[in-house]
Amino acid sequence: MAISHEAANQLGTDLVRVMKLFHTMRQHAPRLHPAVDATAYPVLFTLESGPKRVSTLAECVHSDVSTVSRQASMLAQHDLVEKLPDPDDRRAAMLSLTPAGTALIDRLRTQRGEWFRSMLQDWSETEAEQFTAQLDRFAGALESSRDQMIKHFADAMSGVHTTASKEQ
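Rules of the game
Residues numbered from 1 in each chain as written. Predicted model: local features only at pLDDT ≥ 70, side-chain atom pairs only at ≥ 80, totals over all residues. Heavy atoms only, no water. Helix = DSSP H or I, 4+ residues; strand = E, 2+ residues; numbered from the N terminus. Rg over C-alpha atoms; globule rule 2.2 N^0.38 Å. Salt bridge = Lys/Arg side-chain N within 4 Å of Asp/Glu carboxyl O. Phe/Tyr/Trp six-rings, centres within 6.5 Å; stacked < 30°, edge-to-face > 60°. Lys NZ or Arg CZ within 6 Å of the ring centre and 35° of its normal. Buried < 20%, exposed > 50% of the residue type's maximum accessible area, 1.4 Å probe, protein only. Contact = heavy atoms within 4.5 Å. Expected span 1.5 Å × (residues − 1). Arc of directions from axis to C-beta. Core = buried A, V, L, I, M, F, W, Y, C linked by side-chain atoms within 4.5 Å. Pairing = 2+ DSSP bridges.

So, about the overall build of the protein. Helix and strand content of the protein: six helices and two strands. Going residue by residue from the N terminus, the α and β elements of the protein occur as α-α-α-α-β-β-α-α. In terms of overall dimensions, the protein is more spread out than a globule: its C-alpha atoms have a radius of gyration of 20 Å, far above the 15 Å expected for 168 residues. Along the longest, intermediate and shortest principal axes, the C-alpha atoms of the protein span 55 × 50 × 30 Å.

Counted by the stated rule, this structure contains five salt bridges. For E48, the salt bridge is made with R109, and the minimal N-O distance between the two is 2.9 Å. Taken as a pair, E48 in the loop between α2 (41-47) and α3 (54-60) and R109 in helix α5 (residues 99-119) lie far apart in primary sequence, 61 residues in all. Linking E114 and R117 is a salt bridge whose minimum nitrogen-to-oxygen distance equals 3.1 Å. Taken together, the positions of E114 and R117, both in helix α5 and three residues apart, correspond to about one turn of that helix. Sharing partners across several salt bridges, the network here consists of R53, D86 and D89.

For the rest of this paragraph, the subject is the packing of aromatic side chains. Summed over the entire model, instances satisfying the criterion amount to four aromatic pairs. A centroid spacing of 6.5 Å and a plane angle of 45 degrees characterise the contact between F22 and F116, whose relative ring orientation is tilted. Remark: F116 occurs in helix α5 and F22 occurs in helix α1 (residues 5-28); sequence separation between them is 94 residues. Through pairs of rings, three or more aromatic residues link up here, namely F22, W115 and F116. Above the plane of the ring of F45 lies R112, whose end atom (NZ or CZ) is 5.1 Å from the centre.

The subject of this paragraph is the side chain of Q71. Tracing the chain through its elements places Q71 in helix α4 (residues 65-77). You can call Q71 buried: its relative accessible area is 13%. Once you skip the residues sitting within four places of it in the chain, Q71 turns out to touch T39, A40 and V43.

Relative to the 30 Å expected for 21 residues at 1.5 Å per residue, α5 spans 30 Å between its end C-alpha atoms, a close match to the ideal helical length. Those residues of α5 not exposed but buried are G101, L104, I105 and L108. In a view along the axis of α5, the buried residues occupy a sector of 100 degrees, so they form one face of it. Exposed residues on α5 whose side chains face more than 90 degrees from its buried face are P99, T110 and R117. Among the structural elements, α2 and β2 (89-97) are those in contact with the buried residues of α5.

Here the focus is the nonpolar core. Counting residues in each nonpolar core, the largest one holds 22 residues, and the members touching the most others are V36, Y41, L44, L47, L75 and V81. Counting residues per element, the ones that place at least two in this core are α2, α3, α4, β2 and α5. Top contributing element to this core by residue count: α2, with five residues. Excluding residues within four positions of it along the chain, L44 makes contact with L75, L80, V81, L97, L104 and I105.

Further remarks concern unusual backbone geometry. Phi is positive for H62, which is not a glycine, with a value near 60 degrees. Tracing the backbone through its elements, the reader meets H62 in the loop between α3 and α4. Residue classification places H62 among the partly exposed positions, given a relative accessible area of 49%. The backbone of D79 shows a phi angle near 60 degrees, a positive value even though the residue is not glycine.

The subject of this paragraph is the pairing of strand β1 (residues 81-86). Judged from the six bridges that link them, β1 and β2 form a sheet pairing that is antiparallel. Note that in β2 the partner of D86 across the bridge is D89. Between β1 and β2, which pair antiparallel and follow one another directly, the connecting turn spans two residues.

In short, the description is geometric, and any link to function would need to be established separately.
See the structure below:
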């Protein structure tokens, strides 16, 4: 059974509020590495599972290749990732975490865990587990709907371009 329109609107409002709060907090949070912007953290965390090409990384972090390429270059300059030859295509490079990159991820994970633990100190373990399960479920639904939404907007935009072309 689908949720009501009112419940969906309230969820949307609450999520926008949470995203704005996270954005503000990210801008004011102290950096664990002075040269690494928080927007590059997803690249580091994604490389934790093993070396990847920039194009694969971009897909994993839901960003464009040029942005991830810039982030990867910056991370490599600071010895947090290294570029390795792709064993399947020697012309291409793969990125891999260095020991310094792994150490930074460990510090980030510890700091984030302590922050959430402090913030949710009045929650029971059961409440936190239930919230985590629902958040994971929501993230899965969001990922599943992403491709459908992108196609919907692309179709809508192609209709706009087609209409505009006919009007000229």
